[in-house]
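Reading the structure
Residues per chain, in single letters:
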Amino acid sequence: MLGRDSGSVVCVKTTTDKRGYYASRPELLPGCVIYEAGVIPQFEERTIVEFQPDSIFPVENAKLLRSLTAEPSRILGTLPPDTHAKVIAAVKAAPRLDVYGRQYLGLVLGVRF
């Protein structure tokens, strides 16, 4: 979850990059936050979070609440304290975000780009 936006939480998809997509596209890495395997208990494998339009999606508050109420074990924990700073740096540098995507994420994150 990145933040909130009018009745929804804004989330971003993660990937383990098992097929080597990012290894073959290093130009995309500045727009990513990368967690090596085991750095965060929830991520047993190297995990990449890319800030690009196809990986950002809203989840309605009511739907999230129903899901977490039905399955409280889905709350896996928190991310390290430096995550917010890493996300801001990645959004600033993301090659696949246009100015509007960057501005939207800035609003969600509470920063101006």
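The rules behind these values
Once a new chain begins, its residue numbering starts again from 1 and follows that chain's sequence as written. Where totals are concerned, whole chains, interfaces and linings use all residues; where local detail is concerned, this predicted model gives features only for residues with pLDDT of at least 70, and gives and counts side-chain atom pairs only at 80 or more. Excluding hydrogens and water, the side-chain figures rest on all heavy atoms present in the structure. Runs of H or I in DSSP of at least four residues are treated as helices and runs of E of at least two as strands, each being numbered from the N terminus. The quantity called the radius of gyration is restricted to C-alpha atoms. Its globule counterpart is 2.2 Å times the number of residues to the power 0.38. Burial here depends on accessible area, computed with a 1.4 Å probe over protein chains only, as a share of the maximum for the residue type. Under 20% is buried, over 50% is exposed, and the range in between is partly exposed. Any two residues whose heavy atoms approach within 4.5 Å at even a single point are treated as in contact. The Shrake-Rupley method, run with a 1.4 Å probe, gives the accessible areas here. Residue values count only the displayed protein chains as cover. Charged residues are defined narrowly, with Lys and Arg counted positive, Asp and Glu counted negative, and His plus the chain ends left uncounted. A charge is said to be at NZ when it belongs to Lys, at CZ for Arg, at CG for Asp and at CD for Glu. The criterion for strand pairing is that DSSP finds at least two bridges linking the strands in question. Fitted lines through C-alpha atoms give the axes, limited to the stretch in contact for helices. The angle between two N-to-C directions lies from 0 to 180 degrees. Side-chain rings of Phe, Tyr and Trp, where Trp is taken by its six-membered ring, are said to pair if the distance between their centres is within 6.5 Å; with planes under 30 degrees apart they count as stacked, over 60 as edge-to-face, and otherwise as tilted.

**Concerning the overall build of the protein chain**
When its secondary structure is counted, the protein chain shows three helices and five strands. Reading the protein chain from its N end, one meets helices and strands in the order β-β-β-β-β-α-α-α. By the compact-globule yardstick of 13 Å for 113 residues, the protein chain fits well, its C-alpha radius of gyration being 14 Å. If one aligns the C-alpha atoms of the protein chain with their principal axes, the spans along those axes are about 40 × 35 × 25 Å. Relative to its full complement of 113 residues, the protein chain shows a buried share of 34%. Excluding contacts between residues fewer than 6 apart, the proportion of contacts in the protein chain whose partners are at least 24 apart in sequence is 62%. Within the structure as shown, the protein chain displays about 7,400 Å² of accessible surface, and the carbon and sulfur contribution to it stands at 56%. Here the protein chain contributes 14 positively and 12 negatively charged side chains, and the mean placements of these two sets differ by 2 Å.

**Comments concerning the sheet that holds strand S5 (residues 56–60)**
A sheet is described by the order of its strands in space; here three strands give the open sequence S1-S2-S5, paired in antiparallel fashion. Where the open sheet ends on each side, the last strands, each with one partner, are strand S1 (3–5) and S5. Neighbour to neighbour, the strand axes of the sheet diverge by 40° on average, direction disregarded. Direction of pairing for S1 relative to strand S2 (residues 8–12): antiparallel, over a ladder of three bridges.

**Observations regarding the packing of aromatic side chains**
Working definition: an aromatic ring pair is given by the centre-to-centre distance plus the angle between the planes. Enumeration over the complete set of coordinates arrives at two aromatic pairs. Where Tyr21 meets Tyr22, the ring centres are 5.1 Å apart and the plane angle is 80°; that geometry is what we call edge-to-face. Considering the side-chain rings of Tyr35 and Phe43, the 5.9 Å spacing of their centres and the 40° angle between planes classify their relative orientation as tilted. Assigned by exposure class, Tyr35 and Phe43 land together as buried.

From the geometry alone we can't say anything about function, so treat these as descriptive.
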